[in-house]
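Coordinate inspection notes
For reference, the chains in residue letters:
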Amino acid sequence: MTTFEQLIAGSQPEPTELKKALLLHDWRIVVDVPDGTYNARAYFDLGGKRREYRSAGILYVDPQFRWLYTSQKFYRLGKRLGADHE
């Protein structure tokens with residue numbers, strides 16, 4: 001399993017880790033007040049139904065916005081919220 005230290009040193013997550021990761025779409029990164037924690041708010045599909053989701057604290061975001069890593073696990077990033085209008 002890829003560690004936080006490996007990510008900040010430039011490593012990528014293992015393909016098997018990303019394959020298992022939940023795909024988030026219409027995502028955005030927000031700061032929770034008052035503690036200043038960065039979280040992802042997004043949607044995912046489960047059983048044909050759209051579900052809202054809020055991640056644990058984000059530790060690392062892939063510079064190309066393909067995935068992110070929280071204190072708990074990896075998430076794959078699909079279309080960003082508002083990406084149709086850029």
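Remarks on the packing of aromatic side chains
Under the defined criterion, the tally for this structure stands at 5 aromatic pairs. Relative to F74, the ring of W67 lies with its centre 5.6 Å away and its plane at 70°, an arrangement referred to as edge-to-face. Here W67 and F74 have matching classes, each one buried. Taken together through their ring pairs, the aromatic side chains of Y60, W67, Y69 and F74 make up a single cluster. Positioned above the aromatic ring of Y43 is the side chain of R50, whose terminal nitrogen or guanidinium carbon lies 3.9 Å from the ring centre.

With respect to the nonpolar core
The biggest cluster of nonpolar side chains holds 10 residues, and these are L24, W27, A40, A42, F44, Y53, I58, L68, Y75 and L77. Secondary structure elements with two or more residues in this core: β1 (22-32), β2 (37-46) and β6 (74-77). The element that contributes the greatest number of residues to this core is β2, accounting for 3 residues. Once you skip the residues sitting within four places of it in the chain, I58 turns out to touch I29, Y38, N39, A40, L68, Y69 and T70.

Details of the pairing of strand β4 (residues 58-61)
Note that β4 and strand β5 (residues 67-70) share 3 bridges and pair antiparallel. For Y60, the partnering residue across the bridge sits in β5 and is Y69. Between the end of β4 and the start of β5, which pair antiparallel, lie 5 residues, with F65 showing a positive phi angle near 55°.

With respect to the pairing of β2
The pairing of β1 with β2 spans 6 bridges and is antiparallel. Looking at β2, one finds that D32 is bridged to T37. A loop of 4 residues connects β1 with β2, the two strands running antiparallel in sequence, and G36 in this loop sits at a positive phi of about 75°. Hairpin connection, β2 to strand β3 (residues 49-54): the antiparallel pair is bridged by 2 residues, and G47 has positive phi, about 60°.

A few points about the pattern of salt bridges
Using the criterion set out here, one finds 3 salt bridges in the structure. A salt bridge links D26 to R50; the shortest N-O distance between them is 2.9 Å. With D26 in strand β1 and R50 in strand β3, this pair connects stretches of sequence that are 24 residues apart. In this structure, the salt-bridge partner of D62 is R66, at a minimum N-O distance of 2.9 Å. Residue classification places D62 among the buried residues on the basis of a relative accessible area of 2%. Through salt bridges with shared partners, one network takes in D26, R50 and K79.

About the cut-offs
Here the residue numbering is sequential within each chain, running from 1 through the sequence in written order. With pLDDT at 70 or above as the cut-off, local features in this predicted model cover only qualifying residues; side-chain atom pairs require 80 or more to be listed or tallied, and sums for whole chains, interfaces and linings still use all residues. Heavy atoms from the whole structure form the basis of all side-chain values; hydrogens and water molecules are not counted. Only Phe, Tyr and Trp rings take part, Trp by its six-membered ring, and two of them pair if their centres are within 6.5 Å. Stacked means planes under 30 degrees apart, edge-to-face means over 60, and tilted covers everything else. Each residue gets one of three labels from its accessible area relative to the maximum for its type: buried under 20%, exposed over 50%, partly exposed in between, using a 1.4 Å probe on protein chains only. Criterion for a charge above a ring: Arg CZ or Lys NZ at most 6 Å from the ring centre, at most 35 degrees from the ring normal. To form a nonpolar core, buried Ala, Val, Leu, Ile, Met, Phe, Trp, Tyr and Cys residues must be joined to one another through side-chain atoms within 4.5 Å. Each helix is a run of H or I in the DSSP string that is no shorter than four residues. Each strand is a run of E no shorter than two, and both are numbered from the N terminus. In this analysis, two residues are considered to be in contact whenever any of their non-hydrogen atoms come within 4.5 Å of each other. Strands are treated as partners if at least two bridges between them are detected by DSSP. Throughout this description, the term salt bridge denotes a Lys or Arg side-chain nitrogen within 4 Å of a carboxyl oxygen of Asp or Glu.

The values reported here are purely geometric and, on their own, carry no functional implication.
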